[in-house]
Amino acid sequence: MSHIIRANNLVKSFTKGLRALDDISMVVNKQEVLVVMGPSGSGKSTLIRTFNGLETFDSGKLEVVGVPLYSNHDERNIRAIRRKVGMVFQQFNLFPHLSILENIILAPMKVQKLTRIEAEEHAMHLLSQMGITKQARKYPSQLSGGEQQRVAIARALALKPELLLFDEPTSALDPERVNEVLDAMRTLAQKGMTMVVVTHEVGFAREVADRVLFMDSGKLIEMTTPDIFFSNAKHERSRKFLNQIEK
Amino acid sequence: MFSNLINSLVVISIVFIFLFSLLLVFKWLLFSSQWGVVTQNLPLYAFGVFPVDQRWRPCLWLLILAFLSIVTIFKPRWSWFGKVLPIAWVGVIPLGVGLLSGGLGLLPVESRHWGGFTLTILLMSCSALLAFPLGIMFAIGRQSKLPLIKYFSALYIDALRAVPLISILFFGQLLIPLFLPLGVEINRVSRAVISFTLFVAAYIAEDIRGGWQAIPNSQLEASKALGLSQAQTIRFIILPQALTIALPALTNQAIGLLQNTSLMSILGLVELLGISRSILANPVFIGRYIEVYVWLAGIYWVICTVMALLLRQLEEKVSIQRRIRKNV
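Residues numbered from 1 in each chain as written. Chains lettered and ligands numbered in written order. Predicted model: local features only at pLDDT ≥ 70, side-chain atom pairs only at ≥ 80, totals over all residues.

1. Here we look at the confidence of the model for chain B
Atom-level detail of predicted coordinates should not be read off regions where pLDDT is low. Residues and elements named next belong to chain B. Basically, it comes down to this: What pLDDT reports is the predictor's confidence in each residue, on a scale of 0 through 100. To qualify as a helix, a DSSP run of H or I must reach at least 4 residues; to qualify as a strand, a run of E must reach at least 2; elements of each kind are numbered from the N terminus.
Here chain B shows a mean pLDDT of 87. Residues at 70 or above account for 96%. At the level of individual helices and strands, chain B shows its lowest average pLDDT in helix α14 (residues 320-327), which scores 69, and its highest in helix α10 (residues 217-225), which scores 95. Scored as a whole, the predicted complex attains pTM 0.86, and scored at its interfaces, ipTM 0.90.

Quick look at the structure:
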């Protein structure tokens, strides 16, 4: 199986001595769902944000969707990556001045230079996948958190990405809205979308993830299948973390 | 109101002072004021010393402006007009310049014959039209990653805000001609417009920066993550939001600009205040200061109110709330 992300010895330090990423080397394969877990401040958000160039790193090498990225962060390479990698944020980050449909067609029209008709057709298709066709003409503030997050997923899918990054996609949602977003993600995974998901949703990780990556204080502690991770984690720190979230 | 002695005394004295001044005003209005200085000079207030046989030109322009204002404020139900309205508002300003200066079959009228209300509106609208894109440019420049552009913009904004407007106007009127090569001449009205534009652009840039900084960083991240370039992010994500936020402050600038055009009367333009001063200098109307200034205050008040209403319409038009209401 070929890889879609390859990280070699990524290091990022915030202040002297404190490392957000501490010598991370890892591979994500095509069509794989990788769930990233870890206590807050462990560097998991930083890690997935380096994958599309939202965070820089100080040394090491990264290769995403076939585009290499070094610590000099070549702007052209970053844009090449972003055209093929979608991202979904914790706070949705929809554009409040644009309607739902406009939010989704903006990038296809401006980045891929699709015509409005083509972009809208594809956008409506994505919205129907997410089950929110009726909201197309509304504005983000009129939608519930769960609906907004599904719009954000549709927006990320609009560029037909090879890889989707999720940065705690359900953490800002009301508990009863979490499942509609997780269901949408589950469907994507079944269709073979490659996804890297930072989340605390153990159920989702168990059921959907191919592998779980556990981080603590910037270090990659362990990367293994969910079966092994949740029942038989090798490392003391992983077990401690699992004990805490299962309480 | 009358809870204790002091409150009662305060209330009664305020009412008394108010009624007394009202009485004085009415006494003046009924017995002492002579409005001939206004009524006999109405064309002068409106058009200045524009050639009498050509007065239909500024008159036509003012009528078009009045028409546009009424349509914008009262919003009749002709749906086709709503779409061309922004274009009409931008287009009417060069149209005014064209109508006043002539050419294309119209008799050319030199800018020194322009004046009165027409000139006031022209100075304000031309300066606002030019200052707005310039202000946006400086606001963008100030956020630029290129140090040269960034510091030049910051320097420009700080320098222009550190200088009083009147000195910039003097600079425009007296010094610009000295710097120009021989044979090149820019008329006084254009020099005034240039000065106002340069001055107001700095303030507009700062107002937009205020709106810009109110946009959360997460908006930029979302835009970047979608692969939009820096320029596209500014154009489609930042500016629409920043301008909406800055609009009330920009309205203030526009009204301030209108009132500042009266400074040009010191520098020899016969706009509204200038023409009033020359009317007062006429021996026939000697001493009729109060009537003229009350009249002027009334006109400025009307223009400001109309502008405020117009810009309120714009605010309403761009607000997300309104778009949402329209949806429901």
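2. Topic: the interface of chain B and chain A
Cut-off, in case you're wondering: Note on contacts: residues are paired as contacts if their backbone-placed C-beta atoms lie within 7 Å. Residues are grouped as follows: Ala, Val, Leu, Ile, Met, Phe, Trp, Tyr, Cys and Pro are nonpolar; Asp, Glu, Lys and Arg are charged; every other residue, Gly included, is polar.
Each partner contributes to the interface: chain B provides 19 residues, whereas chain A provides 22 residues. When residues of the side of chain B that touches chain A are traced back to their parent elements, those giving at least two are α10, α11 (230-260) and α14 of chain B. Tallied by class, the residues present in the side of chain B that touches chain A amount to 9 nonpolar, 7 polar and 3 charged.

3. What to know about the sheet that holds strand β10 (residues 219-224) of chain A
Residue and element names in this part refer to chain A. To keep it simple, the criterion reads: Whether two strands pair comes down to DSSP finding at least two bridges between them. Throughout, an axis means a line fitted to C-alpha atoms (over the contacting stretch in the case of helices), and angles, computed between N-to-C directions, take values from 0 to 180 degrees.
One open sheet accounts for 6 strands, arranged β6-β7-β8-β3-β9-β10; its pairing is mixed. Looking along the sheet, the strands with just one partner apiece sit at the ends: β6 (85-88) and β10. The mean inter-strand angle of the sheet, taken between neighbouring strand axes irrespective of direction, is 15°. Relative to strand β8 (residues 194-198), strand β7 (residues 163-167) runs parallel, the two sharing 5 bridges. The partner of Leu-165 across the bridge, within β8, is Val-196.

4. Focus on the environment of Ser-217 of chain A
Residue placement: Ser-217 of chain A occurs in the loop between β9 (211-216) and β10. Put simply, Ser-217 of chain A and Ala-136 of chain A are 81 residues apart on the chain and 42 Å apart in space, counted from C-alpha to C-alpha.

5. Overview of helix α5 (residues 145-157) of chain A
An α-helix turns once per 3.6 residues; consequently, residues spaced three or four apart project the same way. Residues and elements named next belong to chain A. Put simply, the test is: In a helix, the anticipated span is given by 1.5 Å times the number of residues less one. Buried means a residue has 20 or more other C-beta atoms within 10 Å of its own C-beta, exposed means 12 or fewer, and partly exposed covers the counts in between; C-beta atoms are placed from the backbone.
The end-to-end C-alpha separation of α5 is 18 Å, in line with the 18 Å expected for 13 residues at 1.5 Å each. Judged by how many residues are buried, α5 sits mostly within the fold: 12 of 13 residues are covered. The set of residues buried in α5 consists of Gly-146, Glu-147, Gln-148, Gln-149, Arg-150, Val-151, Ala-152, Ile-153, Ala-154, Arg-155, Ala-156 and Leu-157.

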